[in-house]
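For reference, the chains in residue letters:
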Amino acid sequence: MTKTTGITWAAASARRFERQSLAMSARTGTPVADVAAVMLGVHAQVLSAAELSVGLRADGVTRADVREALWPTVSPTAPPPPPSPSLVKTHGPRGTVHLLPARDLPMWCAALPAIPDGTGAPAADVRLTEEQARQVVGAIADALDGAFLTVDELGEEVVARTGPWAGDPVMPAFQTMWPRWRQVLHRAGQCGALSFGPNRGRRVTYTRPPHFAPLPPEEATRLLVRRYLYAYGPATPQHFARWLAAPPGWAKARYAELAAAGEIEEVRFEGAPAWVVAGDTGFRDEPARGVRLLPYFDAYVVAAQPRELLFPGAAYRRALAGGQAGNFPVLLVDGVVAGVWHQRRRGRRTTVTVEPLVPLTARQERELADRAARVGAVLEAEAELVIGEVTVGAHA
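A brief structural summary. None of these values were measured; they are calculated from a predicted model.

What counts as what
- Residues numbered from 1 in each chain as written.
- Predicted model: local features only at pLDDT ≥ 70, side-chain atom pairs only at ≥ 80, totals over all residues.
- Heavy atoms only, no water.
- Helix = DSSP H or I, 4+ residues; strand = E, 2+ residues; numbered from the N terminus.
- Rg over C-alpha atoms; globule rule 2.2 N^0.38 Å.
- Buried < 20%, exposed > 50% of the residue type's maximum accessible area, 1.4 Å probe, protein only.
- Contact = heavy atoms within 4.5 Å.
- Areas by Shrake-Rupley, 256 points an atom, 1.4 Å probe, with all protein chains shown as cover.
- Lys, Arg positive; Asp, Glu negative; His and termini not counted.
- Charge placed at Lys NZ, Arg CZ, Asp CG, Glu CD.
- Pairing = 2+ DSSP bridges.
- Axes fitted to C-alpha atoms, helices over the stretch in contact; angles between N-to-C directions.
- Disulfide = S-S within 2.5 Å.
- Polar contact = N/O pair within 3.5 Å; in protein donor to acceptor, adjacent residues only side chain to side chain.
- Core = buried A, V, L, I, M, F, W, Y, C linked by side-chain atoms within 4.5 Å.
- Phe/Tyr/Trp six-rings, centres within 6.5 Å; stacked < 30°, edge-to-face > 60°.
- Lys NZ or Arg CZ within 6 Å of the ring centre and 35° of its normal.

### With respect to the overall build of the protein
- When you go through the protein residue by residue, the secondary structure sums to 15 helices and 17 strands.
- Taking 21 Å as the expected radius of gyration for a compact globule of 396 residues, we find that the protein reaches 22 Å, a close match to that expectation.
- Here the C-alpha coordinates of the protein stretch approximately 65 × 55 × 45 Å along the principal axes.
- Within the protein, the fraction of its 396 residues that count as buried is 51%.
- The contacts in the protein between residues at least 6 apart in sequence include a share of 65% that link residues at least 24 apart.
- On the protein, roughly 17,800 Å² of surface is accessible, and the fraction owed to carbon and sulfur atoms is 54%.
- Taking the average place of the 43 positive charges on the side chains of the protein and the average place of its 39 negative ones, the gap between the two points comes to 3 Å.

### Observations regarding the sheet that holds strand β11 (residues 272-277)
- Pairing in this open sheet of 3 strands is mixed, and the strands run β2-β10-β11 from one edge to the other. Looking at which strands have only one partner, the edges of the open sheet turn out to be β2 (6-7) and β11.
- The pairing of β2 with strand β10 (residues 264-269) spans 2 bridges and is parallel. In the strand pairing of β10, Ile-7 is matched with Phe-269.
- Along the sheet face, helix α9 (residues 217-232) touches β10 and β11 and points at about 110° away from the line of β11.

### What about the state of the cysteines?
- With the rule as written, the count across this model stands at 0 disulfides.
- Left unpaired, Cys-109 is separated from the closest cysteine sulfur, that of Cys-191, by 6.7 Å.
- Among the residues examined, Cys-109 registers a relative accessible area of 8% and is labelled buried.

### Observations concerning the side chain of Thr-221
- Its place among the elements puts Thr-221 in helix α9.
- Thr-221 gets classed as buried once you look at its relative accessible area, which sits at 6%.
- One polar contact links the side chain of Thr-221 to the main-chain carbonyl oxygen of Pro-217, over a distance of 2.9 Å.
- If near-sequence neighbours (up to four positions away) are discounted, Thr-221 is found in contact with Ala-111, Ala-114, Trp-250 and Arg-254.

### What to know about the nonpolar core
- One finds Leu-154, Phe-240 and Trp-243 to be the most contacted residues of the largest nonpolar core, which totals 80 residues.
- Examining the composition of this core, we find that 8 residues originate from one element, helix α6 (residues 130-144), more than from any other.
- Leave out the neighbours within four places in its chain, and Phe-240 touches Leu-224, Val-225, Tyr-228, Trp-250, Ala-251 and Tyr-255.
- Counting 30 residues, the second largest nonpolar core, distinct from the first, contains Ala-12, Ala-288, Tyr-300 and Leu-332.

### Here's the deal with the packing of aromatic side chains
- Under the definition given, this model contains 11 aromatic pairs.
- On the basis of an interplanar angle of 55° and a centroid distance of 5.2 Å, the ring pair of Tyr-228 and Phe-240 is categorised as tilted. Of the two residues, Tyr-228 sits in helix α9 while Phe-240 sits in helix α10 (residues 237-244), which places them 12 residues apart along the sequence.
- By relative accessible area, Tyr-228 is classed as buried at 0%.
- Take Phe-240: its relative accessible area is 0%, and that puts it in the buried class.
- Taking 5.8 Å as the distance between ring centres and 80° as the angle between the ring planes, the aromatic pair formed by Tyr-255 and Trp-275 counts as edge-to-face. Taken together, the positions of Tyr-255 in helix α11 (residues 248-260) and Trp-275 in strand β11 put the pair 20 residues apart, joining distant regions of the chain. The exposure classification of Tyr-255 matches that of Trp-275, with both residues buried.
- Through a chain of ring-to-ring contacts, three or more aromatic side chains come together here, namely Trp-108, Tyr-228, Tyr-232, Phe-240, Trp-243, Trp-250, Tyr-255 and Trp-275.
- When the ring centre of Trp-178 is taken as reference, the NZ or CZ atom of Arg-182 above it lies at 3.7 Å.
- Directly above the aromatic system of Phe-328 lies the positively charged group of Arg-318, at a separation of 5.3 Å from the ring centroid.

Below, the structure is given as structure tokens:
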């Protein structure tokens, strides 16, 4: 281990690999919420991708373990109350659906609402006033407490608790009109009033996560910066803002506050200024090694910066969609993106097609076969590896 203020990409990626449980998987028996915590949330717009993000980092974990953490089954012999989830599916960073540890909700649900909203407000005849928004969020929390409701059922409860104005169909959406209250659905998720329940057939349900007391917003935001830098540093305020979809000026101000308080320190990363948690300047001499398969929008791919170093050469053109990371599952070789892949499931079998962008050695091909088998194990399927062209498009 070396301690340095002149940090290279190789050193940074090796440490990120280690802290992300990518250099070595978490031991058998590690709670899935612990894995989600070190990732700082697991992108879950596609639940199977989230299951892979967690399962590929922890020995023995399957999609069933992730779902049990989200929606614990009630044992007929267990006394009440029913078990609380250790993992919550809700609106997280960037307003997108994530799996977050329930124990981290006091941080997330104070920090996320504190981020200024850079999106344009709806038209005056559509948008909710701030008071109406608070009423709707409160109604959502009350309606979902101890219940699992579809969006239509939730809408009925919200209107009953607030007034007909909440149900006015004023929001254009998918060739129809959504009711006014739905414009704060993600806000309800980010402040802890709403989370996703298990599907009812093909229909999404919502519930309320375990009750908690949020941290003071300033404390939560400072904690989030430190945890981000521990997981993905060295990083600049611009990197942090990009990861959160936050205004760069807001992120820069948060860094300045922590730097003034001595909680983070400036280092040189690839010759430019960046920041780490104060005192966290130890980096291994050995670079990241090995072959890894990461699914859509894996946290490592989205958060690790600079992106042009994570996606070198042909990978920048092939594995990014308009500069956006995550639209393709990626093959990592020695810590950088070196290909894309896709899996197609049929019954109990899944075909894992990998398109390398660099030549693989015989040893790397053997390791790739093991990684493909692990994909199958997480998804509770038997995997077949095919090395060849991936013909599907982004986010297919």
